[in-house]
Amino acid sequence: MAEMSTETQPTPVAPPPMPPSDQGMNLPTPPPSKVFDKPKEVSSRTRKKSIPEGLWTRCKGCGEMITNKELEDLLKVCPKCHYHLVATAKERVQWLADTGTFEEADSNLHSVDALKFKGVASYSDKLKAYARETGLQDAVLTGFCEIEAHPTGIAVMDFGFLAASMGSVVGERITRIIEKSTKKKIPVVIISASGGARMYEGMLSLMQMAKTSAALARHAKAGLPFISVLTNPTMAGVMASFASLGDVILAEPHSMIGFAGARVIRETTREELPKGFQTAEFLLERGLLDMIVHRKTMKSTLASLLEFMK
Amino acid sequence: MKLYTLEFEKPVLQLQKQLEELRAKASAEKIDLNDEINAMEKKLEETKQGIYSKLSAWQRVQISRHTKRPYFLDYVAQIFEGFTELHGDRRFGDDHAMLGGFAFFKTNGKSRKVMLIGQQKGRDVKENVKRNFGMAHPEGYRKALRLMQLAHKFNVPIITFIDTPGAYPGVQAEERHIAEAIAVNIREMSTLEVPILAVVIGEGGSGGALGIGVADRVLILENAYYSVISPEGCAAILWKDRVHAPKAAEALKMSARDLLAHKIVDDVVPEPPGGAHHDPELAAQNLKASLIKHLHALDKFSKGDLLDNRYTRYRGIGEYAES
Ligand SMILES: [Zn+2]
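Reading the values: rules and limits
- Note that residues are indexed from 1 along each chain, following the sequence as it is written.
- Chain letters and ligand numbers both follow the written order, the letters beginning at A and the numbers at 1.
- Confidence filtering applies because this is a predicted model: local features only for residues at pLDDT of at least 70, side-chain atom pairs given and counted only at 80 or more, and all residues used for totals across whole chains, interfaces and linings.
- The numbering of helices and of strands both runs from the N terminus, where a helix is a DSSP run of H or I of at least 4 residues and a strand a run of E of at least 2.
- Here the C-beta atoms are placed from the backbone, and a residue counts as buried if at least 20 other C-beta atoms lie within 10 Å of its own, exposed if 12 or fewer do, and partly exposed otherwise.
- Residues are scored as being in contact if the C-beta atoms we place from backbone atoms lie within 7 Å.
- As defined in this context, the radius of gyration uses C-alpha atoms, and a globule is described by 2.2 Å times the residue total to the power 0.38.
- Three classes are used, and their members are as follows: Ala, Val, Leu, Ile, Met, Phe, Trp, Tyr, Cys and Pro are nonpolar, Asp, Glu, Lys and Arg are charged, and the others, Gly among them, are polar.
- For two strands to pair, DSSP has to find at least two bridges joining them.
- How far each domain reaches was decided by an automatic or database domain assignment.
- The predictor attaches a confidence to each residue, called pLDDT, with possible values from 0 through 100.
- In this analysis, the expected span of each helix is defined as 1.5 Å times one less than the number of residues it contains.
- The term nonpolar core means buried Ala, Val, Leu, Ile, Met, Phe, Trp, Tyr and Cys residues held together as one set by C-beta atoms within 7 Å.
- For helices, the axis comes from a line fit to the C-alpha atoms of the stretch in contact; other axes are also lines fit to C-alpha atoms, and the angle between any two N-to-C directions lies between 0 and 180 degrees.
- For classification, angles of less than 35 degrees are called roughly parallel, those exceeding 145 degrees roughly antiparallel, those between 65 and 115 degrees roughly perpendicular, and all remaining angles oblique.
- Here is the rule for handedness: rotate from the far helix to the near one, and if that takes an anticlockwise turn smaller than a right angle the crossing is left-handed, while a clockwise turn gives right-handed.

(A) Geometry of the overall build of chain A. Each helix and strand in chain A was counted, giving 10 helices and 11 strands. Out of the 310 residues belonging to chain A, those deemed buried represent 51%. Long-range contacts, defined as pairs at least 24 residues apart, comprise 70% of the intrachain contacts of chain A with a sequence gap of at least 6.

Structure, rendered in structure tokens:
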């Protein structure tokens, strides 16, 4: 006559969206680029006034203090340990797109509180705060660009916006750029980073997995290449949809990649997690990834793959 | 069948007990207690109606997890004939949390072939060790895909039965790429040129449910849920404590009616009062009628239209503002 108790059974949860990183990081503002028309909003990203002040950033990999100017020149990779620091979607576009070729698409889409979600804080307020902080409409930036002269549809997720969780807008923008690329007969490159599906939009979020994957099926049927690039971290619903579906799957070094979060796995199974569990290196060894690519060679690697798959 | 009683059902149980006592007394002492019995019966019906007609999202979650709730194989036995289970993913192993095989489905006097896929839970500790509480590993999803592709090859409609707390969150599942297995299923299900019906019969746990859930029509039993995250998981994140799961269940809009309103599901299959476990046969009858109706409706589409409609179904999901 006992109630089903959560103690007697493992109660697995969907991998939760991870909270946005609160690690104090005083990242440099990328220089205003002609690629973007709103350089001012980019600078609002510098939010944490923690140690070190202003000019230096501490590497999360080795603790090294690096000047922001140097970091900027090194694409935010630590010169000592090669730790890849978190990057914004705008920075990544700047690193990957040929100068002046990026044209943003569907920037007019905005998330709404469709479920009137009764949580601790209002979803609408959260959206406004993250938009202010990142200068983005939502957790993905999409558009067209050229990568070493290869015209490409591109989507870049930004972990700074609500842990780059996927809600209706993320799913819709990614689907639209895939569909438009299919129409234009050009490849798609998606740079993923995500805590998973966006809880605040309930099942609407989960269904974005099906929507984006179906669009990729049509793109693939047209014989067009899709390269998926996984960055730190790419988890849960995003990993269980488009991010896993690349003709080629690349990852930045040491990125956390997986389905369930380590905490959930530990709590559910009480298993010992192997060394390096869910890192890019672990997954290369186990056959999921095609390559681990250092940020500084990402653009040339993409270009040569696009050339092969033309 | 002895049922355990959910907390909110206790008033019903109490009245049932009193009614039995009254009847026993009447027959043992050979006295006429008909008025009292009738009054008690009426009160029982009113109490049932009062409780079961306004179940909260959390109460429904509890019903969906009731260990006496009919599972995949129970519906297979009640609704289909000649179930021929097929095993293994031809890659790694055979997952006992995810089953599948051919069967016959008698509809309107005709017998037609179908491919059945379903997540299977166990009723006791021993069976749950085997079934892993209905949480499939990658090989389960890969077996499901293999069988669905077999259905596609031989032009047999597919019916999937969703009943999982989620895909298994474990070390081996990650090592064998559970996320990739689910992703591939989701993509491939959008391309199979046969009718696909999916029905959430119990727990629709996130990506693990969607991994066999892309379909032309998605049905859900009245007390089943389908959610992006478990209410406990959501509560742990938002309120830092799982005891707030009832609030999370409400906020996530994971109940059948809410899902219908947001076009996540296409139809709600009614359950007997109090849930499918109170009358499994009636639950199966209701489900069978719904499956016949929807399968019949899909018969009229050409393969091309079927795929276009399926694409459009998912393409339209999402709510946002466009300025
Ligand atoms: Zn370093």
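(B) Layout of the overall build of chain B. Scanning chain B from terminus to terminus reveals 14 helices and 9 strands. Computed over the C-alpha atoms, the radius of gyration of chain B is 21 Å, within 12% of the 20 Å expected from 2.2 N^0.38 for a compact globule of 323 residues. Along the three orthogonal principal directions, the C-alpha set of chain B runs to about 70 × 55 × 50 Å. When each of the 323 residues of chain B is scored for burial, the buried share is 49%. Within chain B, counting contacts between residues at least 6 apart in sequence, those at least 24 apart form 70% of the total.

(C) A look at unusual backbone geometry. All names here are of chain A. A cis amide bond, omega -10°, links Asn232 with the succeeding residue Pro233. Of note, Pro233 is situated in strand β8 (residues 226-235). Its identity is not glycine, yet Lys185 carries a phi of approximately 55°, on the positive side. Looking at the element boundaries, Lys185 is found in the loop between α5 (168-184) and β7 (188-194).

(D) Examining the environment of His244 of chain B more closely. Residue and element names in this part refer to chain B. The residue His244 is located in the loop between α10 (231-238) and α11 (245-251) in this model. You can call His244 partly exposed: it has 18 C-beta atoms within 10 Å. When the C-alpha positions of His244 and Ala261 are compared, they lie 25 Å apart, and in sequence the two are 17 residues distant. When near neighbours in sequence (up to four residues on either side) are disregarded, His244 contacts Ala235 and Trp239.

(E) Quick peek at the interface of chain A and chain B. The interface is formed by 63 residues belonging to chain A together with 62 residues belonging to chain B. Those elements that provide at least two residues to the side of chain A that touches chain B are β4 (109-111), α5, α6 (202-221), α7 (236-239) and α8 (262-269) of chain A. The dominant element in the side of chain A that touches chain B, judged by the number of residues it contributes, is α6 of chain A, at 14 residues. Classifying every residue of the side of chain A that touches chain B gives 37 nonpolar, 20 polar and 6 charged. The sheet contact formed by β4 of chain A and strand β9 (residues 320-322) of chain B spans 3 bridges and is antiparallel. Bridge pairing in β9 of chain B places Leu109 of chain A opposite Glu322 of chain B.

(F) Region of the structure containing the domain arrangement of chain B. Taken domain by domain, chain B holds domain 1 (7-54) and domain 2 (60-315). The straight-line distance from the C-alpha centre of domain 1 of chain B to that of domain 2 of chain B is 37 Å.

(G) Quick peek at the confidence of the model for chain A. Per-residue pLDDT for chain A averages 86, and the proportion of residues at 70 or more is 83%. Residue range residues 1-52 of chain A is modelled with pLDDT below 50. Its contacts to residues more than four positions away, or to other chains, number 120 contacts.

(H) The arrangement of the environment of Thr301 of chain A in detail. Residues and elements named next belong to chain A. Here Thr301 lies in helix α10 (residues 295-308). What makes Thr301 partly exposed here is the crowd of 17 C-beta atoms within 10 Å. Linking Thr301 and Leu250, residues 51 residues apart in sequence, is a C-alpha distance of 9.5 Å. Each residue touching Thr301, except ones within four places of it in the same chain, is listed here: Leu250 and Val293.

(I) View of the pairing of strand β9 (residues 248-251) of chain A. All names here are of chain A. Sheet analysis places β8 next to β9, joined by 4 bridges and oriented parallel. When the bridges of β9 are listed, Ile227 appears paired with Val248. For β9 and strand β11 (residues 291-292), the ladder comprises 2 bridges, and the chain directions are parallel. Pairing of Ala251 across the sheet is with Ile292, part of β11.

(J) Spotlight on α6 of chain A. All names here are of chain A. The end-to-end C-alpha distance of α6 is 30 Å, a good match for the 28 Å that 20 residues give at a rise of 1.5 Å each. The element α6 is largely enclosed, with a buried count of 16 among its 20 residues. Gly223 occupies a position one or two residues after α6 and carries a positive phi of about 75°.

(K) Molecular detail of α10 of chain B. Residues and elements named next belong to chain B. Among the 8 residues of α10, 7 are classified as buried, and the element is accordingly described as predominantly covered. Every buried residue of α10 is listed here: Pro231, Glu232, Gly233, Cys234, Ala235, Ala236 and Leu238. Of the residues one or two after α10, Lys240 is the one with positive phi, at around 60°.

(L) View of the confidence of the model for chain B. For chain B, the average pLDDT comes to 95, and 99% of its residues sit at 70 or higher. Of the two predicted TM-score estimates for the complex, the pTM is 0.90 and the ipTM is 0.94.

(M) Expanded view of the environment of Thr234 of chain A. Residue and element names in this part refer to chain A. Examined against the element boundaries, Thr234 turns out to sit in strand β8. Residue Thr234 is classed as buried on the basis of its C-beta count, with 29 C-beta atoms lying within 10 Å. Taking the C-alpha atoms as reference points, Thr234 and Lys128, 106 residues apart in sequence, are found 24 Å from one another.

(N) The nonpolar core, seen in detail. Counting 163 residues, the largest nonpolar core has Met148, Val199, Ile220 and Tyr226 of chain B as its most contacted members. In terms of residues, this core owes the most to one element, α6 of chain A, which gives 9 residues. Setting aside anything within four residues of it in sequence, one finds Tyr226 of chain B in contact with Met203 of chain A together with Val200, Gly204, Ala209, Ile220, Met254, Leu259, Ile264 and Val265 of chain B.

(O) The packing of α6 of chain A against helix α14 (residues 303-315) of chain B, seen in detail. The contact between α6 of chain A and α14 of chain B brings their axes to 8 Å, and the two run at 135°. Judged by the inter-axis angle, α6 of chain A sits oblique to α14 of chain B. Read as a crossing pair, α6 of chain A and α14 of chain B show a hand that is left-handed. On the side of α6 of chain A, the interface is formed by Met207, Ala210, Lys211 and Ala214 of chain A, while α14 of chain B contributes Tyr311, Tyr314 and Arg315 of chain B.

(P) Examining the packing of helix α1 (residues 10-28) of chain B against helix α2 (residues 34-52) of chain B more closely. Residue and element names in this part refer to chain B. The geometry of α1 relative to α2 is characterised by a closest axis approach of 10 Å and an angle of 165° between their N-to-C directions. By the criterion of interaxial angle, the relationship of α1 to α2 is roughly antiparallel. As for the relative orientation of α1 and α2, their crossing is left-handed in sense. Every residue of α2 that contacts α1 at Pro11, Val12, Leu15, Gln16, Gln18, Leu19, Leu22, Arg23 and Ala26 is listed here: Glu36, Ile37, Met40, Glu41, Lys43, Leu44, Thr47, Lys48 and Ile51. Tallied by class, residues from the contact of α1 with α2 come to 10 nonpolar, 3 polar and 5 charged.

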